[in-house]
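Residue strings, one per chain:
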Amino acid sequence: MRESRAVSSAALREILKDRFLVGAALNDNQIAGKDTAAVEIVRRHFNTITPENILKWEAVHPKADRFEFCVPDQFVALGAWQGLFVVGHTLVWHNQTPPWVFEGTSGAPLHPELLLWRLREHIHTVVGRYRGRVRAWDVVNEAFEDDGTWRKTPWYTTLGEEFVAKAFEFARDADPDAELYYNDYNLWKPAKRKAVVRLVTSLRKRGIRVDGIGEQGHWLLEDPSLQEIEATIVDLAKTGAKVMITELDIDPLPRPDALVGADVAKHVELTPELDPHAEGVPEDVQRRMAQRYADVFSLFVKHRAVSRVTLWGVTDADSWLNHWPVPGRTNHPLLWDRLGQPKPAFHAVVEALTRAASARA
Ligand code: XIL
């Protein structure tokens, strides 16, 4: 009895305070303070926040001559008020970036110099505004395909590989004290991981600051294996950069193989077989989720290189996995349920971390 009360009153940030930062991605309602239940969970359990969408290019810089700082300002103020480590997501990505960014002026083809100028202006304006307050940035998101080749985005096809170096340099100039990260999914796939390790190693050798690498951590109940996750942490750490799990969720629903990972451009149509837990999660699935979450957190605390773990959402009701890759599902990938109650997975994480902490003491 006493044990279970201790577990339900435990706060993740307290249990993890000597190990790594722990946080969540916030949506508009949470940033605006309308979702008070979620904000309370954040206040109690987390010491870092990332905005789920509002600092993406299309949101913060929708037109060439227009920046939208109203909601980002609220987000940054919330972080300051609660004393949280605020992470910015994300400066350079191929998704959620408006078409004008990649268009030439008056119908002319896009000139590399113009794109580079836009990149510099964007980064200087956004990073510069929050200098000293947004403490870290996902500078480049998802530059590689799963097979380790460069993703053929307009960034790459227009500027070549150097777009990455340029983005990191612009960000460092705009806020020399912010930590700067490379972020991607499926880094547990060896070819992709190798490409990222090679890139980060070569940038750091050239003196270009890359302070951390984020594996997004959009994982399934069985995949990737714990061995694959551990190998990822170990290999990424060899670059000398910090290692982060930046968008953690565990999807218990069926997923076509081709969609393992997080390619937001891909979708599958809703069918009843793809939405098996619309009425609630069966006990055996709750149990497997609990075990999976306990296992991955046990791995994270084992490795000193891990400096932050951020969940991609607060409760199951907010998760993007209700809409991706199959729009309209009822998903259950996080540690709090739709009503904001801690799930068996939450308690399992607390128990695993408490056990790990007493073994270390
Ligand atoms: C997702 C958001 O959660 C959704 O709300 C949005 O519609 C699409 O993007 N990798 C990333 C995140 O780096 O920015 C994505 O977030 C999920 C995959």
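Refer to the structure above for everything that follows.
Residues numbered from 1 in each chain as written. Predicted model: local features only at pLDDT ≥ 70, side-chain atom pairs only at ≥ 80, totals over all residues. Heavy atoms only, no water.

J.: What am I meant to see in helix H12 (residues 283-302) here?
T.: Side chains of residues three or four places apart in an α-helix project in the same direction, reflecting 3.6 residues per turn. Taking 1.5 Å per residue, 20 residues should reach 28 Å; H12 reaches 29 Å between its end C-alpha atoms and fits that length. Inspection of H12 places Val285, Gln286, Met289, Ala290, Arg292, Tyr293, Ala294, Val296, Phe297, Leu299, Phe300 and Val301 among the buried residues, and these make up the whole buried set. For H12, the secondary structure elements touched by its buried residues are strand E7 (218-220), helix H11 (226-237), strand E8 (242-251), strand E9 (306-311) and helix H13 (344-360). (Helix = DSSP H or I, 4+ residues; strand = E, 2+ residues; numbered from the N terminus. Expected span 1.5 Å × (residues − 1). Buried < 20%, exposed > 50% of the residue type's maximum accessible area, 1.4 Å probe, protein only. Contact = heavy atoms within 4.5 Å.)

J.: Sorry, what's going on with the site of the ligand here?
T.: The ligand sits among 15 residues. The nearest are Glu52, Asn53, Lys56, His89 and Glu247. Residue Lys56 places a side-chain N or O atom 2.7 Å away from an oxygen atom belonging to the ligand. Its free accessible area being 410 Å², the ligand has 84% of it covered by the protein chains. Taken together, the residues of the shell around the ligand sort by class into 5 nonpolar, 6 polar and 4 charged. (Near = heavy atom within 4 Å. Polar contact = N/O pair within 3.5 Å; in protein donor to acceptor, adjacent residues only side chain to side chain. Areas by Shrake-Rupley, 256 points an atom, 1.4 Å probe, with all protein chains shown as cover. Nonpolar A, V, L, I, M, F, W, Y, C, P; charged D, E, K, R; others polar.)

J.: Got a minute to help me understand the pairing of strand E5 (residues 179-184) in this structure?
T.: Walk down a regular strand and you will see the side chains alternate between the two sheet faces. Burial runs high along E5: 6 of the 6 residues are buried. Of the two faces of E5, the one carrying Glu179, Tyr181 and Asn183 and the one carrying Leu180, Tyr182 and Asp184 are both buried. Pairing of strand E4 (residues 136-141) with E5, which is carried by 5 bridges, proceeds in the parallel orientation. Residue pairing for E5: Ala136 is matched across the bridge by Glu179. Pairing between E5 and strand E6 (residues 212-215): 4 bridges, direction parallel. Looking across to E6, one finds that Asn183 is bridged to Gly214. Note that the unit made of E5, helix H10 (residues 190-205) and E6 has a crossover that is right-handed. (Pairing = 2+ DSSP bridges. Right-handed = clockwise from strand over helix to strand, strands pointing away.)

J.: Looking at this structure, how should I read empty space enclosed by the protein?
T.: A probe matching the size of a water molecule, rolled over the atoms, marks out where space remains unfilled. Using the criterion set out here, one finds 2 cavities of 30 Å³ or more in the structure. Along the walls of the largest cavity sit Val92, Trp93, His94, Val140, Asn141, Glu142, Ala143, Arg151, Thr153, Trp155, Tyr156 and Phe163, which together make up its complete lining. The set of elements that each furnish at least two residues to the lining of the largest cavity consists of E4 and helix H8 (154-159). The space that makes up the second largest cavity amounts to roughly 30 Å³. Forming the walls of the second largest cavity are Leu26, Val39, Val42, Arg43, Leu78 and Gln82. Elements represented by at least two residues in the lining of the second largest cavity include exactly helix H4 (36-45) and helix H6 (70-82). Take the lining of the second largest cavity: its biggest share by element is 3 residues, from H4. Among the residues forming the lining of the second largest cavity, the class breakdown is 4 nonpolar, 1 polar and 1 charged. (1 Å grid on protein atoms, 1.4 Å probe; cavity = no way out; pocket = protein on both sides within 12 Å on 5 of 7 lines; lining within 4 Å. Points joined across faces, edges and corners; volume = space filled by probe spheres on them.)

J.: I would appreciate a short explanation of the pairing of strand E1 (residues 21-26) in the present structure.
T.: Taking burial as the measure, the 6 residues of E1 include 5 buried ones, the bulk of the element. Strand direction decides the pairing type here: E1 and E9, joined by 4 bridges, are parallel. For Gly23, the partnering residue across the bridge sits in E9 and is Thr310. One ladder, built from 4 bridges, connects E1 with strand E2 (residues 48-51); its direction is parallel. Of the residues in E2, the one forming a bridge with Ala24 is Ile49.

J.: Just checking my understanding: could you explain the environment of Thr149 for this structure?
T.: In this fold, Thr149 is placed in the loop between E4 and H8. Residues Thr149 and Phe346, spaced 197 residues apart in sequence, show a C-alpha to C-alpha distance of 37 Å.

J.: Is there a simple way to explain the environment of Asn331 in this structure?
T.: Of note, Asn331 is situated in the loop between E9 and H13. Since its relative accessible area comes to 0%, Asn331 is described here as buried. Residues Asn331 and Thr310 lie 21 residues apart in sequence; the distance between their C-alpha atoms is 18 Å. Excluding anything up to four places from it in sequence, Asn331 contacts Asp251, Pro252, Leu253, Asp316, Leu321, Asn322 and Arg338.

J.: Mind showing me how you'd approach the pattern of salt bridges here?
T.: Opposite charge on two side chains permits pairing when their charged atoms draw close. Scanning the entire structure with this criterion turns up 20 salt bridges. A salt bridge links Glu162 to Arg206, with the nearest nitrogen and oxygen atoms 2.9 Å apart. Within this pair, whereas Glu162 is found in helix H9 (residues 162-174), its partner Arg206 is found in the loop between H10 and E6, the two being separated by 44 residues in sequence. Exposure remark for Arg206: the relative accessible area of 48% places this residue in the partly exposed category. Note that Arg172 and Asp173 form a salt bridge whose closest N and O atoms lie 3.1 Å from each other. Each member of the salt-bridge network shares a partner with another, and the members are Asp146, Asp184, Lys189 and Lys192. (Salt bridge = Lys/Arg side-chain N within 4 Å of Asp/Glu carboxyl O.)

The values reported here are purely geometric and, on their own, carry no functional implication.
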